[in-house]
Amino acid sequence: MQHNPPRTQTVSANRKLAILMEVNRATSRTANLDEALDAMLRILQESYNIRSGAVFLVDEDRLKLKLKASIGIRKDRAKTDYTMNEGLTGRIAETGKPIVVPQVSKEPLYLNRMSSWAPEEDSEQTFIGVPITLDYRTLGVLFVNLGYSPKRNYDDALNFLLLVATALIHPIQLQRILTLERQKLQDENVLLKQKLQDEYSFHNIIGNSHEMREVYEKVTQVARANTTVLLRGESGTGKELIAQAIHYNSLRREKPFVRVNCAAIPENLIESEFFGYEKGAFTGATSRKKGRFELANGGSIFLDEIGDLSPMTQVKLLRVLQEQEFERVGGTETIKVDIRIIAATNSNLEERITDNTFREDLYYRLNVFSIYLPPLRERKTDILLLADHFMLKYGRSLGKTIKRISTPAIDMLMRYHWPGNVRELENCIERSVLVCEDQVIHSYHLPPTLQTAESSNTISELSLEDAVIAYEKELIMDALKTTRGNRARASRLLNTTERIINYKITKYRIDARRFKN
């Protein structure tokens, strides 16, 4: 193998500088690596008179070289990947050193696997290959084939190609960074979708009452179908949570889930929010905007408070339900969509139909599969489960170790009528965790609404003496519960004597034995 024999220069220094500037402009003009490498090879072919050339990049495992760009080579016959140290190209990548072969016909290591030279047809040619390196790490290999000339200055040609290879470092690194970021986003997207599916699996919805088991059964039946679902129930019963469970357990789980609160959008904006608008449709419409139905294409749209829609919007919604098509505000193009409708209301739609405030035909379109969510007062057995869940949830978020809810506090939770349903219970427990300074939520940590007889529908005449007795009894029962009925430990916990504890237990007729288990 011959390396760098001295020859006279055939391309002027000024011309090489101009070529390098052109290569730098071409590679920095685009973020697409394929376009940058193709542009560089075209410049070398047109301005430096190469017969053929190629760029190989080292794969992530650093075991192979893969063809990234080429010129003057028949790709159908060319070898598109090499192992490290295979042929001249593999040796350059393995050693990180350039190789010059003035006459390829005399070099046994020149394997011609790129089919860039036909000995019977082509004249002798020269091979020059250089590594593309950054911080002593080989990123790839650039090689070119030139017509053989005994007057060529190989030192000069080699230095020139090393400079060209240096210009390729930035676009290669940029491509690798973009690829890593794209892969990271894809991985995060997969994890997020999996988290959403796990989080909104109906198995994670809290409640095991008979009423909620009926809800789960209906969700299971309808989730994998495309049937329109109408969720009915009071405010705060968890209609949006059930809607999410239906979507994330359906065949549309990979597609968007778009929420729309019909009651929160002003009447004059609801049409443009639903269907979008074209540029210039009205004052301030400086660009086209997609509506919620278009954004939900392929997935599900959740229309909360559907009963509050105006009659005009009801007509347009009816068309979307029937035809799955609409026009943007100010536009004439008909947009076809494939969406699943999940609607929710706390209104009595039958009464609204009688009052002529809700269209009967829209009602029958929405009420294909109805799911009723019972209020919390009708599923009392779920209150403690929900309270424990929210206690742990807000304990973690607020950095507090709350272990349980005291028996009197549980009694208060069970007696209350919960007009705000699960949402009110969640707010109640969040507030209690916030003000709790020990590991147990007591009755006095609960909001005043639960401690007021009038608001909890538990009006009773209670004297100051009776209130003190009730509070003292609660403290003793709580201490016995903590110590599993051990009176001596309970007295120490309350900073009093065992004799006084025994007296109080007898006085208040507390059965200490039931706390042993």
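Residues numbered from 1 in each chain as written. Predicted model: local features only at pLDDT ≥ 70, side-chain atom pairs only at ≥ 80, totals over all residues. Heavy atoms only, no water.

### Re the packing of helix H1 (residues 13-28) against helix H4 (residues 154-167)
In step 1: Direction vectors running N to C along H1 and H4 enclose 20 degrees, while the axes themselves pass 9 Å from each other. Taken as axis vectors, H1 and H4 run roughly parallel relative to one another. When the axes of H1 and H4 are compared, the crossing they make is right-handed. Where H1 approaches H4, its residues Lys-16, Ile-19, Leu-20, Val-23, Asn-24 and Thr-27 are matched on the opposing element by Asp-156, Ala-157, Phe-160, Leu-163, Val-164 and Ala-167. (Axes fitted to C-alpha atoms, helices over the stretch in contact; angles between N-to-C directions. Helix = DSSP H or I, 4+ residues; strand = E, 2+ residues; numbered from the N terminus. Parallel < 35°, antiparallel > 145°, perpendicular 65-115°, else oblique. Left-handed = near helix turned anticlockwise from the far one by under 90°. Contact = heavy atoms within 4.5 Å.)

### Brief notes about the nonpolar core
In step 1: If you look at the biggest cluster of nonpolar residues, it comprises 36 residues, and the most contacted ones within it are Met-40, Leu-44, Ile-132 and Leu-142.
In step 2: Residue assignment for this core shows that the elements contributing at least two residues are H1, helix H2 (33-47), strand S1 (52-58), strand S2 (64-71), strand S5 (125-134), strand S6 (137-147), H4 and helix H5 (169-199).
In step 3: For this core, the leading source of residues is H4, giving 8 residues.
In step 4: Counting residues in each nonpolar core, the second largest holds 30 residues, with Leu-230, Leu-318, Ile-335 and Leu-366 among its members. (Core = buried A, V, L, I, M, F, W, Y, C linked by side-chain atoms within 4.5 Å. Buried < 20%, exposed > 50% of the residue type's maximum accessible area, 1.4 Å probe, protein only.)

### Side note on the side chain of Thr-345
In step 1: Along the chain, Thr-345 falls in strand S14 (residues 340-345).
In step 2: A polar contact of 3.0 Å, which involves the side chain of Thr-345, links it to the backbone nitrogen of Ser-347.
In step 3: For Thr-345, the residues in contact, after removing those within four places along its chain, are Leu-230, Leu-231, Arg-232, Gly-233, Lys-239, Ile-306 and Gly-307. (Polar contact = N/O pair within 3.5 Å; in protein donor to acceptor, adjacent residues only side chain to side chain.)

### What about the packing of helix H13 (residues 383-397) against helix H15 (residues 421-435)?
In step 1: Two elements in contact, H13 and H15, have axes whose closest approach is 9 Å; the angle formed by their N-to-C orientations is 45 degrees. Of the possible angle classes, the one that applies to H13 and H15 is oblique. Here the hand of the crossing between H13 and H15 comes out right-handed. Two secondary-structure elements touch here, H13 through Ile-383, Leu-386, Ala-387, Phe-390, Met-391, Lys-393, Tyr-394 and Gly-395 and H15 through Val-422, Leu-425, Glu-426, Ile-429, Glu-430 and Val-433.
In step 2: Residue composition of the contact of H13 with H15, by class: 10 nonpolar, 1 polar and 3 charged. (Nonpolar A, V, L, I, M, F, W, Y, C, P; charged D, E, K, R; others polar.)

### Overview of helix H19 (residues 498-507)
In step 1: Those residues of H19 lying buried are Ile-501, Lys-504 and Ile-505. Buried residues of H19, seen end-on, are gathered within an arc of 100 degrees and therefore sit on one face of the element. In H19, those exposed residues whose orientation departs by more than 90 degrees from the buried face are Arg-499, Tyr-503 and Thr-506.
In step 2: Close packing links the buried residues of H19 with helix H17 (464-482) and helix H18 (487-493).
In step 3: Count one or two residues on from H19 and you reach Arg-509, which has phi positive near 55 degrees. (Arc of directions from axis to C-beta.)

### Focus on helix H14 (residues 407-415)
In step 1: All of the buried residues along H14 are Pro-408, Ala-409, Ile-410, Met-412 and Leu-413.
In step 2: Where H14 is buried, its residues meet H13, strand S16 (404-405), H15, strand S17 (440-441), helix H16 (448-451) and H17.

### So, the confidence of the model for the protein
In step 1: On average, residues of the protein score 86 in pLDDT, and 91% of them are at 70 or above.
In step 2: Ranking the helices and strands of the protein by mean pLDDT puts strand S7 (residues 229-232) first, with 96, and H5 last, with 78.
In step 3: Between residues 1-9, whose pLDDT stays under 50, and residues either more than four places distant or in other chains, the model counts 31 contacts. (pLDDT = per-residue confidence, 0-100.)

### Some remarks on the sheet that holds strand S4 (residues 99-101)
In step 1: Taken in spatial order, the 6 strands line up as S3-S2-S1-S6-S5-S4 in an open sheet, and their pairing is antiparallel. Of all strands in the sheet, those with a lone pairing partner are strand S3 (81-83) and S4, marking the two edges. Strand-to-strand twist in this sheet, taken as the mean axis angle between neighbours without regard to direction, amounts to 20 degrees.
In step 2: Together, S1, S2 and S6 form the strand contacts of H2, whose direction differs from that of S2 by roughly 55 degrees.
In step 3: Sheet strands touched by H4: S4, S5 and S6. Its angle to S5, the strand with the most contacts, is close to 40 degrees. (Pairing = 2+ DSSP bridges.)

### Observations concerning the environment of Arg-152
In step 1: Note that Arg-152 resides in the loop between S6 and H4.
In step 2: Judged by relative accessible area, Arg-152 falls into the buried class, the value being 12%.
In step 3: Taking C-alpha positions, Arg-152 is 15 Å from Val-104, a pair spaced 48 residues apart along the chain.

### Topic: unusual backbone geometry
In step 1: Even without glycine at this site, Asn-421 takes up a positive phi of about 60 degrees.
In step 2: The residue Asn-421 is located in helix H15 in this model.
In step 3: Given a relative accessible area of 0%, Asn-421 falls into the buried group.
In step 4: Positive phi outside glycine occurs at Arg-509, with the angle close to 55 degrees.
In step 5: Inspection of the secondary structure assignment puts Arg-509 in the segment after H19.
In step 6: Using a relative accessible area of 77% as the deciding quantity, one classes Arg-509 as exposed.

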